[in-house]
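Close look at the chain arrangement
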Amino acid sequence: MHTPLHDLIDHGQSPWVDYLSRPFVHEGHLGRLVDAGIRGVTSNPTIFADAIAEGDSYDAQLRDVLREDTDPKEAFLALASTDVRDACDLLRPLFGAGRRDGWVSLEVDPRLADDTDATVAEATRLRDLVDRPNLMVKIPGTTAGLPAIEETIAHGVPVNVTLLFSLARHRAAGHAYLRGLRRLLRDGGDPRSVASVASFFVSRVDTEADRRLDRVGGHDELKGTLGVANAKLAYQNYLNVFSGPDWAELAEAGATPQRCLWASTSMKAPDRPDVWYAEQLVGPDTVDTMPRQTVEAFADHGTVANTLVRGVDEAQRTLQAFGSAGVDYDDVTAVLEREGVERFSASFHKVFDGIAAKRDELLHA
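One structure accompanies this document, and this report is about it. (Residues numbered from 1 in each chain as written. Predicted model: local features only at pLDDT ≥ 70, side-chain atom pairs only at ≥ 80, totals over all residues. Heavy atoms only, no water.)

This brings us to the overall build of the protein. When helices and strands are counted, the protein shows 16 helices and 8 strands. Taken against the 2.2 N^0.38 rule, which gives 21 Å for 365 residues, the C-alpha radius of gyration of the protein at 20 Å falls within 12% of a compact globule. Summarising its shape, the C-alpha atoms of the protein cover approximately 60 × 50 × 45 Å along the three principal directions. Looking at the protein residue by residue over its 365 residues, the buried ones come to 57%. Considering only residue pairs separated by 6 or more positions, the protein has 78% of its internal contacts joining residues 24 or more positions apart. With the model as given, the accessible surface of the protein reaches about 14,800 Å², and the carbon-plus-sulfur share is 48%. (Helix = DSSP H or I, 4+ residues; strand = E, 2+ residues; numbered from the N terminus. Rg over C-alpha atoms; globule rule 2.2 N^0.38 Å. Buried < 20%, exposed > 50% of the residue type's maximum accessible area, 1.4 Å probe, protein only. Contact = heavy atoms within 4.5 Å. Areas by Shrake-Rupley, 256 points an atom, 1.4 Å probe, with all protein chains shown as cover.)

Here's what the structure looks like:
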């Protein structure tokens, strides 16, 4: 059945679902979304924490794992890598020579976000653990994460750069990918074996910026405008970084550009349509990863048009207007990055605590 998700594909955008669990894969839910137009999967610690806590879907494997290792992190990686591997296998038919679709993402431990060497080691370990060519390892685009991204790409590991909020950090992530590709090519590697997306967060920017507008008072006309404006300018980053003779040389060798991936695209404001963010950011060579509820809403009533390249000058004026209103863009994005790492780290602790509790329950059953 044709859905608006297929229309996104026709416009050059790959719709992915930001959700993963064992029942979601094994009971046919992911397969049905693929039929509806979904072309990839992202996951994060929060998603896995909730999935493992639900029901008893993981108990049988957890019993087996605990016979060998009772460390909660090792148990989590065994459970998560199984789900990711199964999702990779389901999506493998979409994974063609162009490496555009069929990707499944698994995140490195966000507690390592400030440790470059540990992040690289963890990324390589996850690649070997899942052992599927359509795995993307998620690395936060922090200051320490940028050299880790370069190093990981140079080692031939596909990377989903996550927790990007600022235009400067987004550009830096693109250049880190380019440096990694050059090193991979120089060392005899095949750039066709890797790919990357830059996960640029949208709704969280509006939430934080609007909170600050409330603090300063007035400027209601600016509310709910910064997230989309920021993303439209990030797409201009993409067009600038992945063009020119330097990029042409890498492209000729088979490299693919680091596509923008729009993350945090669910609509929380009750006065706007539930698919509003997704509709505002449609454009070629991009990805939109949506929560399951938003995916289903868009498949039902999403409207597709090339909106991403509209109003670029207005987007620049929007950023300037926030500065004039007393909202510090650099501070907004810095706070969001820090809180994002903290939130994902808290989710890791939550899933470890949940596994520890189940471990004690199962071992004493």
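We are not done yet, so read on.
Right, let's get into the packing of helix α9 (residues 167-186) against helix α12 (residues 244-252). At their nearest, the axes of α9 and α12 sit 11 Å apart, and the two run at 50 degrees to each other. By the angle class used here, α9 and α12 are oblique. Viewed along their axes, α9 and α12 form a crossing whose handedness is left-handed. Contacts between α9 and α12 pair Leu 178, Leu 181, Arg 182 and Leu 185 from the former with Asp 246, Trp 247 and Leu 250 from the latter. Residues belonging to the contact of α9 with α12 are distributed by class as follows: 5 nonpolar, no polar and 2 charged. (Axes fitted to C-alpha atoms, helices over the stretch in contact; angles between N-to-C directions. Parallel < 35°, antiparallel > 145°, perpendicular 65-115°, else oblique. Left-handed = near helix turned anticlockwise from the far one by under 90°. Nonpolar A, V, L, I, M, F, W, Y, C, P; charged D, E, K, R; others polar.)

Read around the barrel, 8 strands follow the order β1-β2-β3-β4-β5-β6-β7-β8 and close on themselves; strand pairing throughout is parallel. Strand-to-strand, the axes of this sheet are offset by a mean angle of 25 degrees, without reference to chain direction. By the bridge criterion, 5 bridges tie strand β1 (residues 13-18) to strand β8 (residues 286-290) in an arrangement that is parallel. By the bridge assignment, Pro 15 is partnered in β8 with Asp 288. (Pairing = 2+ DSSP bridges.)

Turning next to the environment of Asp 313. With respect to the secondary-structure elements, Asp 313 resides in helix α15 (residues 312-324). A C-alpha to C-alpha distance of 9.4 Å links Asp 313 and Ala 229, two positions 84 residues apart in sequence.

At Leu 163, a position not held by glycine, the phi torsion is positive, near 60 degrees. You can see Leu 163 is positioned in strand β5 (residues 159-164). Positive phi values are uncommon outside glycine, yet His 219 reaches one of about 60 degrees. On the basis of relative accessible area, His 219 is assigned to the partly exposed category, the value being 33%.

In this section: the pattern of salt bridges. Counted according to the given criterion, the structure contains 20 salt bridges. A salt bridge links Arg 179 to Glu 150; the shortest N-O distance between them is 2.9 Å. Of the two residues, Arg 179 is situated in helix α9 and Glu 150 in helix α8 (residues 145-154); the sequence distance between them amounts to 29 residues. Of the residues examined, Glu 150 reaches a relative accessible area of 16% and is grouped as buried. (Salt bridge = Lys/Arg side-chain N within 4 Å of Asp/Glu carboxyl O.)

Most often, soluble globular proteins keep nonpolar side chains buried together rather than apart. Counting 120 residues, the largest nonpolar core has Val 17, Leu 20, Phe 76, Val 84 and Trp 262 as its most contacted members. It is helix α6 (residues 72-91) that provides the largest number of residues to this core, a total of 10 residues. Residues contacting Trp 262, with those up to four places away along its chain left out, are Gln 13, Phe 200, Val 202, Ala 231, Ala 234, Tyr 235, Leu 281, Thr 286, Val 287, Asp 288, Thr 289 and Leu 308. (Core = buried A, V, L, I, M, F, W, Y, C linked by side-chain atoms within 4.5 Å.)

By convention here, two paired aromatic rings are described through the distance between centres and the angle between planes. Under the defined criterion, the tally for this structure stands at 13 aromatic pairs. On the numbers, 4.8 Å between centres and 85 degrees between planes, the contact of Phe 95 with Trp 103 is edge-to-face. Each member of the pair Phe 95 and Trp 103 is classed as buried. Each ring, one from Trp 276 and one from Tyr 277, has its centre 5.3 Å from the other, and the planes form 70 degrees; the classification is edge-to-face. For Tyr 277, a relative accessible area of 4% translates into the label buried. Through pairs of rings, three or more aromatic residues link up here, namely Tyr 177, Tyr 235, Tyr 238, Phe 242 and Trp 247. In this structure, Arg 272 is placed above the aromatic ring of Trp 276, and the distance from its NZ or CZ to the ring centre is 4.0 Å. (Phe/Tyr/Trp six-rings, centres within 6.5 Å; stacked < 30°, edge-to-face > 60°. Lys NZ or Arg CZ within 6 Å of the ring centre and 35° of its normal.)

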